[in-house]
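Breakdown of the fold
Listed here are the chains, written in short residue letters.
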Amino acid sequence: MAQWTSAVGAAQLARQLNAQQPRPLGPGIRKPPAYRALADGVRLLVLEGRVPVAARLPAERELALALSVSRTTVAAAYEALRAEGFLESRRGAGSWTAVPAGNPLPARGLEPLPPEALGSMIDLGCASLPAPEPWLTRAVQGALEELAPYAHTHGDYPAGLPALRQMIADRYTERGIATMPEQIMVTTGAMGAIDAICHLFAGRGERIAVESPSYANILQLMREAGARLVPVAMEEGLGGWDMNRWRQVLRDAAPRLAYVVADFHNPTGALADEDRRRALVDAARSAGTVLVVDETMIELYLDDDARMPRPVCAFDPGGSTVLTVGSASKAFWAGMRIGWVRAAPDVIRSLVAARAYADMGTPVLEQLAVNWLMRTGGWEQAVQIRREQARDNRDALVAAVRRELPDWEFAVPHGGLTLWVRTGGLSGSRLAVAGEQVGVRVPSGPRFGVDGAFEGYVRLPFTVGGPVAEEAAQRLAAAARLVGSGAGAGAEAPRTFVA
């Protein structure tokens, strides 16, 4: 019986391998033979989690044709991977990826480190901050005081608690977009909202247009839902959407959905201006594309002079073209898994009906906690704490990276939680692997692209400040030296950090 659980096509694997930057060669080091370079490339994809463990690799002949190399080269590379523990094979079943005994399984998304690993590893993988106390405790206490009437019911509210739906609708109305509670569905975080939207609007094989780069976990969610992702390149720096490219993709590819982050884009930090927002809504409406707008960063403006444009849904107040997704997880705390969708009432009814076959509803106690925060003014005070934390961390991280890694390039965003960094010609994937060796966890650029794009980037979140930010930059510099010396992704390198 085959022991592989997924498969990687020859064309897909070739694209990922061709997108990798060559491994730097130290003084006097010869270029490795072709089979060794191919084995290193596959191993790096496995270590980084972009080719999953237990994935069936293409047959030798298929991969040789896709890479335009000899079958002998592929056979030798596969044999080297088997010898190192990164490949297993069985006659009649093919070859599938593995990791050597004792190695941790690589993560495919940006999951936070387990608490027991935080003592020795600086985690720059997860863009989330600690809870803004005392507001979390106060919100939970307030929710408990209001729980009794709900405890006497079945507790099943597929569209969300009526009080919270009304509260969220009122907040949109206060922002100038008249909204009824019938236009709101409360979800289990923004991921739950987007998952529900994808299942309703985009079946397997449907096209979804996405910014390039885009949020890694959403890209993975869409891939696993069977979507065909159509990347639309962003402008450089904080330029944001390239409207000429968006119009062309919407016209030529006719995607069923398009997913964008207009406010302090993850990962670049770009803020779309009002003209681009209006133009994108018009283009999506003309193409018959449903535009999913992720607003999870909208309240995290960090500079006093940041001018916030009108929300994207202001240009489609009825919600038939623009589906807006919000969340408490970024603005308040990642552990508060409350999100929402704003859309036309008929869309909300369809989402609620489809939800009955998924998670049924969102936890009542957490909904009461968010409602208490929004009703009492605690939300605004908690978000202000969050802004101050993120601003201080951003400034500390920017200063430390500029000092330790002067060749790295980035534009400093006016809000959000992430810095998108060009790594001075080094491979982001190799930096991620080397970072694990020296005690800093950082996601590489290709996690935020489609099929291996952005190899020369990493994403740095504003989650550490002060001396920890300085130490993180020093460890990143150590990882960069490892990669620059050609030792950054070797199987023989140590894979844990000893404090």
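Heads up: the structure comes first, above all this text.
Residues numbered from 1 in each chain as written. Predicted model: local features only at pLDDT ≥ 70, side-chain atom pairs only at ≥ 80, totals over all residues. Heavy atoms only, no water.

Description of the overall build of the protein chain
Under the convention used in this document: The way it works is that DSSP assigns letters per residue, a run of H or I at least four long becomes a helix, a run of E at least two long becomes a strand, and they are numbered from the N terminus. Note on exposure labels: buried denotes an accessible area under 20% of the residue type's maximum, exposed denotes more than 50%, and partly exposed covers the range between, all computed with a 1.4 Å probe on protein chains only. By the convention used here, residues are in contact when the closest approach between their heavy atoms is within 4.5 Å. For every accessible area listed, the method is Shrake-Rupley and the probe measures 1.4 Å; residues are considered covered only by the protein chains on display.
Check the secondary structure of the protein chain and you find 16 helices and 15 strands. Residues classed as buried in the protein chain amount to 55% of the 499 residues present. The long-range fraction of contacts in the protein chain, counting pairs at least 24 apart against all pairs at least 6 apart in sequence, stands at 76%. In the structure as shown, the protein chain presents an accessible area of about 20700 Å², 53% of it carried by carbon and sulfur atoms.

A few points about the sheet that holds strand β12 (residues 339-342)
Selection criterion: The pairing criterion for strands is at least two bridges between them, as found by DSSP. Angular values range over 0 to 180 degrees, each being the angle between N-to-C directions of two axes fitted as lines to C-alpha atoms, with helices fitted over their stretch in contact.
If you walk across this open sheet you meet the seven strands as β6-β12-β11-β10-β9-β7-β8, and the pairing is mixed. Looking at the sheet topology across the chains shown, the edges are occupied by β6 (184-187) and β8 (228-233). Strand after strand, the sheet turns through a mean of 20° between neighbouring axes, direction not considered. Across four bridges, β6 lies against β12 in antiparallel orientation. Note on β12: the bridge partner recorded for T187 is G339.

Some details on the packing of helix α1 (residues 10-19) against helix α2 (residues 34-47)
For clarity, the threshold we go by: In these notes the angle categories are as follows: under 35 degrees is roughly parallel, over 145 is roughly antiparallel, 65 to 115 is roughly perpendicular, and the rest is oblique. Gly counts as polar in this scheme, as do all residues outside two lists: the nonpolar Ala, Val, Leu, Ile, Met, Phe, Trp, Tyr, Cys and Pro, and the charged Asp, Glu, Lys and Arg.
Direction vectors running N to C along α1 and α2 enclose 100°, while the axes themselves pass 10 Å from each other. Relative to α2, the element α1 is oriented roughly perpendicular. Counted together, L13, Q16 and L17 of α1 and L38, G41, V42 and L45 of α2 form the full contact between these two elements. Classifying every residue of the contact of α1 with α2 gives five nonpolar, two polar and no charged.

Some remarks on helix α11 (residues 274-287)
Test applied: An expected span of 1.5 Å times one less than the residue number is assigned to each helix. N or O atoms within 3.5 Å of each other form a polar contact, as long as, within protein, one can give a hydrogen and the other can take it, and as long as residues adjacent in sequence are counted only when both atoms are side-chain atoms.
Relative to the 20 Å expected for 14 residues at 1.5 Å per residue, α11 spans 20 Å between its end C-alpha atoms, a close match to the ideal helical length. Among all positions in α11, only R276, R277, A279, L280, V281, A283 and A284 are buried. Tucked inside the fold, the buried residues of α11 contact α10 (243-252), β9 (257-260), β10 (290-294) and β11 (322-327). One side-chain oxygen at the N-terminal end of α11 lies 3.3 Å from the backbone nitrogen of D275; it belongs to D273. Positive phi shows up at G288, right after α11, with a value of about 75°.

Focus: the packing of aromatic side chains
Going by this rule: Side-chain rings of Phe, Tyr and Trp (the six-membered ring for Trp) are treated as a pair once their centres are within 6.5 Å; stacked means planes under 30 degrees apart, edge-to-face means over 60, and tilted covers the remaining angles. Working rule: Lys NZ or Arg CZ, within 6 Å of ring centre, within 35 degrees of ring normal, means a charge sits over the ring.
Under the counting rule described, the total for this entry stands at six aromatic pairs. Both rings, one in Y150 and one in Y157, keep their centres 6.2 Å apart while their planes meet at 75°; by these two values the pair is edge-to-face. Taking relative accessible area as the criterion, Y150 reaches 23% and is therefore assigned partly exposed. The buried category is assigned to Y157, whose relative accessible area is 17%. For the ring pair W420 and F454, a centre distance of 5.7 Å and an interplane angle of 70° mean the geometry is edge-to-face. Of the two residues, W420 sits in strand β13 (residues 418-422) while F454 sits in the loop between β14 (440-441) and β15 (457-461), which places them 34 residues apart along the sequence. With a relative accessible area of 10%, W420 lands in the buried category. These aromatic residues form a ring-pair network of at least three members: W420, F448, F454 and Y457. For the cation-ring pair, R138 lies above W135, with the distance from its terminal atom to the ring centre recorded as 4.7 Å.

Geometry only, nothing functional implied.
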